[in-house]
Amino acid sequence: MIAAPEIPTDFTLLQESETHFSSDTDFEDIEGKNQKQGKGKTCKKGKKGPAEKGKSGNGGGKPGGPNRMNGHHQQNGVENMMLFEVVKMGKSAMQSVVDDWIESYKHDRDIALLDLINFFIQCSGCKGVVTAEMFRHMQNSEIIRKMTEEFDEDSGDYPLTMAGPQWKKFKSSFCEFIGVLVRQCQYSIIYDEYMMDTVISLLTGLSDSQVRAFRHTSTLAAMKLMTALVNVALNLSINMDNTQRQYEAERNKIIGKRANDRLELLLQKRKELQENQDEIENMMNAIFKGVFVHRYRDAIAEIRAICIEEIGIWMKMYSDAFLNDSYLKYVGWTMHDKQGEVRLKCLTALQGLYYNKELNSKLELFTSRFKDRIVSMTLDKEYDVAVQAIKLLTLVLQSSEEVLTAEDCENVYHLVYSAHRPVAVAAGEFLYKKLFSRRDPEDDGILKRRGRQSPNANLVKTLVFFFLESELHEHAAYLVDSMWDCATDLLKDWECMNSLLLEEPLNGEEPLTDRQESALIEIMLCTIRQAAECHPPVGRGTGKRVLTAKEKKTQLDDRTKITELFAVALPQLLAKYSVDAEKVTNLLQLPQYFDLEIYTTGRLEKHLDALLRQIRDIVEKHTDIDVLEACSKTYHALCNEEFTIFNRVDIARSQLIDELADKFNRLLEDFLQEGEEPDEDDAYQVLSTLKRITAFHNAHDLSRWDLFGCNYKLLKTGIENGDMPEQIVIHALQCTHYVILWQLAKITESSSTKAFTILCDVLMIFSHQIMTGGRDMLEPLVYTPDSSLQSELLSFILDHVFIDQDDDNNSADGQQDDEASKIEALHKRRNLLAAFCKLIVYTVVEMNTAADIFKQYMKYYNDYGDIIKETMSKTRQIDKIQCAKTLILSLQQLFNEMIQENGYNFDRSSPTFSGIKELARRFALTFGLDQLKTREAIAMLHKDGIEFAFKEPNPQGESHPPLNLAFLDILSEFSSKLLRQDKRTVYVYLEKFMTFQMSLRREDVWLPLMSYRNSLLAGGDDDTMSVISGISSRGSTVRNKKTKPATGKRKVPEGSEESSSSDSMWLNREQTMHTPVMMQTPQLTSTIMREPKRLRPEESYMGVYPMQPEHHQAPLDYNTQVTWMLAQRQQEEAARQQQERAAMNYVKLRTNLQHAIRRGTSLMEDDEEPIVEDVMMSSEGRIEDLNEGMDFDTMDIDLPPSKNRRERTELKPDFFDPASIMDESVLGVSMF
């Protein structure tokens, strides 16, 4: 690598300035610190010895002056914060912070310098502190090694890389501190051969560290320090120049007027300035060679970018010293960097140099060497780099046009068509500077001419020539947008463009060719669109932005100018180019951007009539689809009822459509005559007329001309005969399509329910059910609705079904107070819900969409309870696990809605939360008593519920409960449906989410967790309890056989004094239920306790998530294990014999029990499956779960009909059949 250059000692004088050598911060050196020794020596990186340090400041005795502690000022007896804290806060003025440090340095420079060293260490994110002892006795390398050992690199973050507004501001404060420090010390302290030597030595050592934080922070500090020193060197150079001029002026005086003492003073001053300059050179050389040369190629891109950014500042600030090839080469080499941010810094640094034309002579060699690289960077993969590369080439072009070849320019020209707008705009500016910014000298005399003779005429032609030569004729809008910001006046000279199209060429001027006229019309249209819409073309913008007041005014002015010019010129242009389809298509789009009010205010009605006549003639002449659609859109733009010209345009349109419709009917009769073979001329006439009608029907409602009948007759004949021309069939179908679309547009909201029902039926017909019965050949017809359609169907149900009676305004004759009309409306809503539920049951839509239906179960129980409950039953038969996940999802949705409404600090006794718990209890009852059948579903339900409860941690820390913890209170309603062994498994899974501190919490906010844990522990470890013990959702107890279970309608028998207070409370709670209450089922109680039950192997396994032991036991010795195994085998054999003896009695008991349950006339609640207590059995036998083998799913639970349901039964039969959701009466079609 080329060695780093020495900074020249003879700095060239840049500019004249007043001598400024006195301190602006009261740094007059009373003790003679400015009288330095050893000037001009190389900057010493090493520190002074302890003996020398002890002599500094206050003699090293007192640590500071009066009112100071540890080198910091005392304010009201409170010690100031350290430098790092002050800079990090960024609240204090940086100059005052630096002044305080300088004052501290004057009192005791060791303590102040130690503060500064720790400042750099702490800015690197290191927690270590350099002590005074370390500072006195350890070298820099040893201090850095010690700090490296204490550095915590686990996080990887340090102040310069941390996120947040505070740390973003820290970087600027850090850089500002270094700059202000040097500026305030530039007249004395930096020349004391102590402070700067120590700081530069420290930063050089840190910049070579393996720790990224040290290297990054110290490099930034060193580069900013170098920038500040360059500024000092520049000031010294100016002062030396001023001193030299003063000396020469004084010396040139005659001897009588010459002041010798002044000459000596100026000589002394110049010598001192030269010494200072030499010392600054040494400092800069030390930083450049010690830091920059190594770090500009660092492995970290941010460090490389810092170096390149700062060297650009040096070359721009002090070009005489730094702007030469010895320093420019570093920027040139780094332009090949792999990271885009580094390449970007290179380009921005060079832009600052090329912007100053006085520096161009010093950049000639660099330009010739690296020009090709800059041109290639216009295609950089990073768009920001490409933009800056184009801007740099634009500056190079302005400095010297001969530098860039034609090939170089062409590489930039084609970027005006780039989809990335910043790149295109930069390329457009380059193109404008190259081709359009030059003006011929003879143009100065015609600046005031307009139209074809204006100076823009040649520029417009140049633009047309460029557009044609680029061979991208479909992208005129992109070309216009690229040049819109830099060539606005040229692109808005519509008068010149219009003159070039309409006026004859001047003497000796070549007329535009047909191809050039087409290109000019296209460019003119694009400029008008850009001015009227004020946003980039499609593909170049992220959306329409909000216009400022100035932009809105410019937009209105442009539209007025466009309308006034082309309202008169457009009919002439259409008349001239009426036979050219391409030109006419573009010209007919202009009225879309007119201000139509000007036709009236400007009294331009005659020009409007001329325009309408031209459009009519064009419709009659052309059959091209693009031309006809352009005419249709022009009529649509002009037929605006807001303007007074509407009637005039509507009459012209109606006359045109009348003629077309009459002609089509007349031609159709001749074309469809029986027995005659239609010739080609008749077919062409029918096709051309049909094209015109179809094009107009696209943008205009032609329903009153009854075009559907004509097209239907045409299509029917074509189907019957099979000889209809293909183009006629296509346009007839398209016209019929537009007829249907216009009819659909007229459909009101009242028709939406019919459309919904039809859509549901269509989805059912074309679902996978269509292939049942061996109809696999119909598979191509199967249609599965996507997620967006399913969401729209669900939204319709939520908006039109789950509403209050008073909110429904769709009843007959609007008589909301009539009870019959309310029930009629309810029937319609029930049919809508039933239609959607069929889609769920037959898996046409995803099952999880039913969550929004299920959560309405309690609120709309009287209206839709039977439909929702039957849907639950059918979905459970399809997929038990997915059904359980849907149920828990509906509860989670309700819980989230409650959180959004009331916040996380809601009252758990509120009606909303109680309603969700009640709904969960109802859901639990629907699972029945056969726990083996629903085992995996219930386990999955608990798993999802636990994950939801702990999903959102509390931002205040682990000492506070998770935000959704209260959901466990709802989830506990399902605990009774778990088997004992599954309760233990779920409990183990719950403990995965709990911390040790959670298990110790007893505050009210942790009650849901305690309640849920207790529900899992209850019966989970006690094998003496029955398998099925009549557990309702509120819990159960093993009662004495004399104690009768209490229900809502049962009186406590006289003499039954053993009833507990808990039973009384349960009784009162049952009496307050708002749900329909049925007669109770007789319950059987057990008079004995069962023996501990051993689990079968298959019962101890769950497929949902693996079981884990709750705790580990100490290992047993071999003899103990053998003895234990023999005892277990004996117990198992005895248990097997007991089970066989009890089998026959159990079968009889179960049969009698089933009959007793089914004979029961009621249950505790309508949703609940039969509740059974332990049956009295022989103490010698062990029975399995009581519900094993009992199929309660076949039981029908008839709800007591409400008043409204009885009335609607009398009025109209309900279309919903609970036994089969798929009912042909609702569909209205047969299912094959």
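Residues numbered from 1 in each chain as written. Predicted model: local features only at pLDDT ≥ 70, side-chain atom pairs only at ≥ 80, totals over all residues. Heavy atoms only, no water.

## Some remarks on the overall build of the protein
Counting secondary structure elements, the protein contains 48 helices and three strands. Here the protein holds 1232 residues, and 49% of them are scored as buried. Sequence-distant contacts, at least 24 apart, represent 77% of the contacts inside the protein between residues at least 6 apart. Approximately 62200 Å² of the protein is accessible, and the part contributed by carbon and sulfur atoms is 50%. (Helix = DSSP H or I, 4+ residues; strand = E, 2+ residues; numbered from the N terminus. Buried < 20%, exposed > 50% of the residue type's maximum accessible area, 1.4 Å probe, protein only. Contact = heavy atoms within 4.5 Å. Areas by Shrake-Rupley, 256 points an atom, 1.4 Å probe, with all protein chains shown as cover.)

## Brief notes about the pattern of salt bridges
If you walk through the whole model with that rule in mind, you get 36 salt bridges. Residue Arg245 is joined to Asp241 by a salt bridge in which the shortest nitrogen-to-oxygen separation is 3.8 Å. Taken together, the positions of Arg245 and Asp241, both in helix α9 (residues 212-251) and four residues apart, correspond to about one turn of that helix. A salt bridge links Asp580 to Lys583, with the nearest nitrogen and oxygen atoms 2.6 Å apart. Relative accessible area serves as the criterion here: at 1%, Lys583 is assigned to the buried category. Salt bridges linked by common partners bring Asp208, Arg215, Arg295 and Asp298 together as one network. (Salt bridge = Lys/Arg side-chain N within 4 Å of Asp/Glu carboxyl O.)

## Examining a nonpolar patch on the surface
Together, Phe708, Tyr712, Ile740, Leu741, Leu744 and Ile747 give the surface a local cluster of nonpolar side chains, amounting to about 560 Å² of exposed area. Looking at the nonpolar patch, the elements that each hand over two or more residues are α31 (707-721) and α32 (726-745). Counting residues per element, the nonpolar patch draws most heavily on α32, at three residues. Within the secondary structure layout, Leu744 lies in helix α32. (Patch = residues over 30% accessible without salt bridge, like charges linked within 9 Å, V, L, I, M, F, W, Y side chains within 5 Å.)

## Let's talk about the side chain of Asp580
Examined against the element boundaries, Asp580 turns out to sit in the loop between α24 (549-576) and α25 (581-587). Side-chain polar atoms of Asp580 contact the backbone nitrogen of Glu582, separated by 3.2 Å. Excluding its chain neighbours within four sequence positions, the residues that come into contact with Asp580 are Asp514 and His622. (Polar contact = N/O pair within 3.5 Å; in protein donor to acceptor, adjacent residues only side chain to side chain.)

## As for the packing of aromatic side chains
The description of an aromatic ring pair uses the distance of the two centres, along with the angle that the planes make with each other. Tallied over the full model, the rule gives 41 aromatic pairs. Note on Trp167 and Phe170: the rings are 5.8 Å apart at their centroids and 70 degrees apart in plane angle, and the pair reads as edge-to-face. In this pair, Trp167 and Phe170 both sit in helix α7 (residues 165-185), three residues apart, roughly one turn of the helix. Given the relative accessible area of 17%, Trp167 is considered buried. Its relative accessible area of 0% is what places Phe170 among the buried residues. (Phe/Tyr/Trp six-rings, centres within 6.5 Å; stacked < 30°, edge-to-face > 60°.)

## Notes on the confidence of the model for the protein
Taken as a whole, the protein shows an average pLDDT of 75; of its residues, 72% reach a score of 70 or greater. Taken together, the stretch residues 810-816 has pLDDT below 50 and engages in eleven contacts with residues farther than four places along the chain or on a different chain. Every residue in residues 1020-1124 is under pLDDT 50, and counting partners more than four places away or in other chains gives 174 contacts. (pLDDT = per-residue confidence, 0-100.)

## What about the packing of helix α14 (residues 340-354) against helix α16 (residues 383-399)?
For any two helices packed against each other, one specifies the crossing angle of their axes together with the interaxial distance. It is at 9 Å that the axes of α14 and α16 come closest, and there the two elements cross at 20 degrees. Here α16 runs roughly parallel to α14, going by the angle between their axes. Where α14 crosses over α16, the two elements pack in a sense that is left-handed. Contact with α14, carried on its side by Gly340, Arg343, Leu344, Leu347, Thr348, Leu350, Gln351 and Tyr354, involves Asp384, Val385, Gln388, Ala389, Lys391, Leu392, Leu395 and Val396 of α16 and no other residues of that element. Tallied by class, the residues present in the contact of α14 with α16 amount to nine nonpolar, four polar and three charged. (Axes fitted to C-alpha atoms, helices over the stretch in contact; angles between N-to-C directions. Parallel < 35°, antiparallel > 145°, perpendicular 65-115°, else oblique. Left-handed = near helix turned anticlockwise from the far one by under 90°. Nonpolar A, V, L, I, M, F, W, Y, C, P; charged D, E, K, R; others polar.)

## Quick look at helix α8 (residues 195-207)
With 13 residues, α8 extends 18 Å from end C-alpha to end C-alpha; this agrees with the ideal 18 Å at 1.5 Å per step. Buried residues dominate α8, accounting for twelve of its 13 residues. Burial in α8 covers these residues: Met195, Met196, Asp197, Thr198, Val199, Ile200, Ser201, Leu202, Leu203, Thr204, Leu206 and Ser207. (Expected span 1.5 Å × (residues − 1).)

## Structural notes on the environment of Leu1000
Along the chain, the position of Leu1000 falls in helix α43 (residues 996-1000). Sequence-wise, Leu1000 and Met1010 are ten residues apart; in three dimensions their C-alpha atoms are separated by 9.8 Å.

## Side note on unusual backbone geometry
Positive phi, close to 60 degrees, is recorded for Cys534, a residue that is not glycine. With respect to the element layout, Cys534 can be found in the loop between α23 (514-533) and α24. A relative accessible area of 23% means that Cys534 is categorised as partly exposed. Despite not being glycine, Thr843 has its phi angle at roughly 55 degrees, a positive value.

## Focus on the environment of Asn896
By the element assignment, Asn896 lies in helix α38 (residues 880-902). Along the sequence, Asn896 and Asn964 sit 68 residues apart, while their C-alpha atoms lie 8.8 Å from each other.

## Examining the side chain of Asp481
Along the chain, Asp481 falls in helix α20 (residues 476-483). A distance of 2.9 Å separates polar atoms of two side chains, one belonging to Asp481 and the other to Arg540.

## A closer look at helix α40 (residues 935-949)
Residues separated by three or four positions in an α-helix point in the same direction, a consequence of the helix having 3.6 residues per turn. For α40, spanning 15 residues, the distance from its first C-alpha to its last is 21 Å, which sits close to the expected 21 Å at 1.5 Å a residue. Burial of α40 is extensive: 13 of the 15 residues sit out of reach of the surface.

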